[in-house]
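# Architecture at a glance
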Amino acid sequence: MTGQPTLEAIRRAPKVLLHDHLDGGLRPETIVDLARDAGYDGLPTTDPGNLRTWFTEASDSGSLERYLETFQHTVGVMQSQEALRRVAYECAEDLAKDGVVYAEVRYAPELHTRTGLSLDQVVEAVLEGFAEGGRDHGIRVGTLVTAMRHQARSMEIAELAVRYRDAGVVGFDIAGAEAGYPPTRHLDAFEYLQRENAHFTIHAGEAFGLPSIWQAIQWCGADRLGHGVRIVDDITDRDSAAPVLGRLAAYVRDKRIPLEMCPTSNVQTGAAKSIAEHPIGLLRRLHFRVTVNTDNRLMSGVSLSEEFAKLVAAFGYGWDDLQWFTVNAMKSAFIGFDERLELINGVIKPGFAQLKWTGTRTLT
Ligand SMILES: O=c1[nH]cnc2c1ncn2[C@@H]1O[C@H](CO)[C@@H](O)[C@H]1O
Ligand SMILES: [Zn+2]
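The rules behind the values
Residues numbered from 1 in each chain as written. Chains lettered and ligands numbered in written order. Predicted model: local features only at pLDDT ≥ 70, side-chain atom pairs only at ≥ 80, totals over all residues. Buried ≥ 20, exposed ≤ 12 C-beta atoms within 10 Å, placed from the backbone. Helix = DSSP H or I, 4+ residues; strand = E, 2+ residues; numbered from the N terminus. Pairing = 2+ DSSP bridges. Right-handed = clockwise from strand over helix to strand, strands pointing away. Arc of directions from axis to C-beta. Contact = placed C-beta atoms within 7 Å. Near = placed C-beta within 6 Å. UniProt positions renumbered as here; feature names shortened; annotations may be inferred.

Taking burial as the measure, the 9 residues of strand β3 (residues 140–148) include 8 buried ones, the bulk of the element. Relative to β3, strand β2 (residues 100–107) runs parallel, the two being bridged by 6 bridges. In the strand pairing of β3, Y102 is matched with R140. What joins β2 to β3 is helix α7 (residues 119–137), and the crossover it makes is right-handed. Bridge count for β3 against strand β4 (residues 169–175) is 6 bridges, and the pairing is parallel. When the sheet's bridge partners are listed, L144 is paired in β4 with G171. In this region the chain leaves β3, passes through helix α8 (residues 154–163) and returns to the parallel neighbour β4; the handedness of that crossover is right-handed.

Here you go:
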């Protein structure tokens, strides 16, 4: 097959998403509804179309800190169990309609307790929304509970992750401003999770460089890296036929540590100059375990299919590349090995095979 995958065909591919924030993916219409119901009057506009534009424009600042400011409005309307259930349900629906078959969606329970919900009530509402949305729309969604790295509640959130591990919480994460908040601030939480045989990922190497990645892996024991783009700082002769990996980059590649890359978000926060110059091109060429993700579909104005389509346009990727990213993601998921294998062999490979075959037929 010679044709490049089109956006329409990519939408039909069975895709896997590991890095997506629940509070970064609301429908603008839902934000307006929820704000009205809750008496939240802080929205910059109550017109859903204008609100959509406002989010993408306000997020396009070149700074992670400014990017994160926009979350005050999504978090602001997600303060009741009903709102959380609805947002989770719609998230499952939207991802399924984009052809995602397995997703891990994260959010910070501690941000949703302003009107008196307990952490457990927050988690239970989100789990209910995903269970129902997943059933109705045919998608499996696991959740990651996130602790905010500038706060001091990570141990509590880690305990929450373990308490709900058999009910749909598949892992733990830390997020928020990276510079000034190294992952080792939360070492006790990570050590606890390791003792509990639990899984976690850490946002690292997005707005700060190698020390953040090094700590996340070698001090905290992260299973995966959220973004991890700055790992390229440990690679020299990048444009040559034989780039040279430093010890940390070699460790990440040798150990097959998954990189949850989010190209559009990285361009917005200044972690990459453009999609074409995004480190994903080099890292894919060097066979790091790269995965493709959306981060925040609302703020970044992007779906997983669109994220893939941008990579196809920038790097000339074909179906084999897209399948490789997808299998990488499925291998790196926090659910059990048997379930991952079943999705790879029963859903992903047959789905991509059919798309490749259809593509060949239409072109001959
Ligand atoms: O790219 C990111 N880097 C760091 N933190 C983020 C990013 N996107 C979202 N959040 C933060 O994670 C919280 C829980 O979902 C969000 O409220 C936001 O503050
Ligand atoms: Zn993120």
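Structure's up, so let's keep going.
Moving on, we come to α8. Structurally, the α-helix is built with 3.6 residues per turn, so residues lying three or four positions apart point the same way. What α8 keeps buried is the set S154, I157, A158, L160 and A161. When α8 is viewed along its axis, its buried side chains cluster within an angular range of 155° and face the same direction. Residues of α8 that are buried sit in contact with α7, β3, β4 and α9 (187–195).

Before going further, it helps to examine the site of ligand 1. Surveying the vicinity of ligand 1 reveals 19 residues, the closest of which are H21, L68, F71, A108 and A175. Mapped onto the shell around ligand 1, the elements with two or more residues apiece are α4 (64–69), α5 (71–76) and β2.

In this structure's numbering, the residues bearing the UniProt feature "binding site: Zn(2+)" (unreviewed entry) are H19, H21, H203 and D295. Across 277 residues of sequence, these annotated residues stay compact in space, with a maximum C-alpha separation of 12.0 Å. For H21, the location among the structural elements is in strand β1 (residues 15–21). Beyond its immediate chain neighbours, meaning those up to four positions away, H21 contacts R106, Y107, D295 and N296.

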